[in-house]
Amino acid sequence: MILQPKFLMLDEPTSALDVSVQAQIVDLLRDLQKKRGLAYLFISHDLKVMRALASYVMVMRNGVVVEEGPTAEIFERPKTDYTKALIAAALDHRTLSIDAA
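Residues numbered from 1 in each chain as written. Predicted model: local features only at pLDDT ≥ 70, side-chain atom pairs only at ≥ 80, totals over all residues. Heavy atoms only, no water.

**A closer look at the nonpolar core**
Then, number 1: Counting residues in hydrophobic clusters, the biggest one holds 18 residues, and the most contacted among them are Leu29, Tyr40, Phe42 and Val57.
Then, number 2: Of all the secondary-structure elements, those providing two or more residues to this core are helix H1 (19-36), strand S2 (39-43), helix H2 (47-53), strand S3 (56-61), helix H3 (71-76) and helix H4 (81-91).
Then, number 3: Counting residues per element, this core draws most heavily on H2, which supplies four residues. (Core = buried A, V, L, I, M, F, W, Y, C linked by side-chain atoms within 4.5 Å. Buried < 20%, exposed > 50% of the residue type's maximum accessible area, 1.4 Å probe, protein only. Helix = DSSP H or I, 4+ residues; strand = E, 2+ residues; numbered from the N terminus.)

**Quick notes on the pairing of S2**
Then, number 1: Burial along S2 is one-sided: the residues Tyr40 and Phe42 are buried and none of Ala39, Leu41 and Ile43 is.
Then, number 2: Across five bridges, the pairing between strand S1 (residues 7-11) and S2 is parallel. By the bridge assignment, Phe7 is partnered in S2 with Ala39.
Then, number 3: A crossover connection joins S1 to the parallel S2 through H1; in handedness this β-α-β unit is right-handed. (Pairing = 2+ DSSP bridges. Right-handed = clockwise from strand over helix to strand, strands pointing away.)

**Some details on unusual backbone geometry**
Then, number 1: Phi is positive for Glu12, which is not a glycine, with a value near 50 degrees.
Then, number 2: Summarising the element assignment, Glu12 is placed in the loop between S1 and H1.
Then, number 3: The backbone phi angle of Asn62 is positive, close to 55 degrees, even though this residue is not glycine.
Then, number 4: Overall, the relative accessible area of 62% leaves Asn62 in the exposed class.

**Quick word on H1**
Then, number 1: Spanning 18 residues, H1 covers 25 Å between terminal C-alpha atoms, matching the ideal 26 Å at 1.5 Å per step.
Then, number 2: Buried within H1 are the following residues: Gln22, Val26, Leu29 and Leu32. Angularly, the buried residues of H1 cover 130 degrees about the axis, an arc narrow enough to put them on a single face. H1 presents Gln24, Lys34 and Lys35 as exposed residues on the side facing more than 90 degrees away from its buried surface.
Then, number 3: In this structure, the buried residues of H1 make contact with S1, S2 and H2.
Then, number 4: Backbone geometry just downstream of H1 places Gly37 in the positive-phi region, at approximately 65 degrees. (Expected span 1.5 Å × (residues − 1). Arc of directions from axis to C-beta. Contact = heavy atoms within 4.5 Å.)

The analysis is restricted to geometry; functional conclusions fall outside its scope.
Dropping the structure here:
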């Protein structure tokens, strides 16, 4: 942070952390974003963290973007069956089948 970057790419930065430490990291990232005007490319499989941190989301499957948009729109009104299944499995603790394409 000493070089005062405007953009950071974060690849699974919270994946190995417990929930309380994840929350601390998310709070730190939000604080840095506000104070320094940072933009993040946040790569994660953890949809709870994504929902808490991201303003815009891209959902990828097999290396292809299948859906993208503002975070609230993606989580509240997902368009693809794949995104619906991911959200259900991650947030509702229900498992839906995701066909292998």
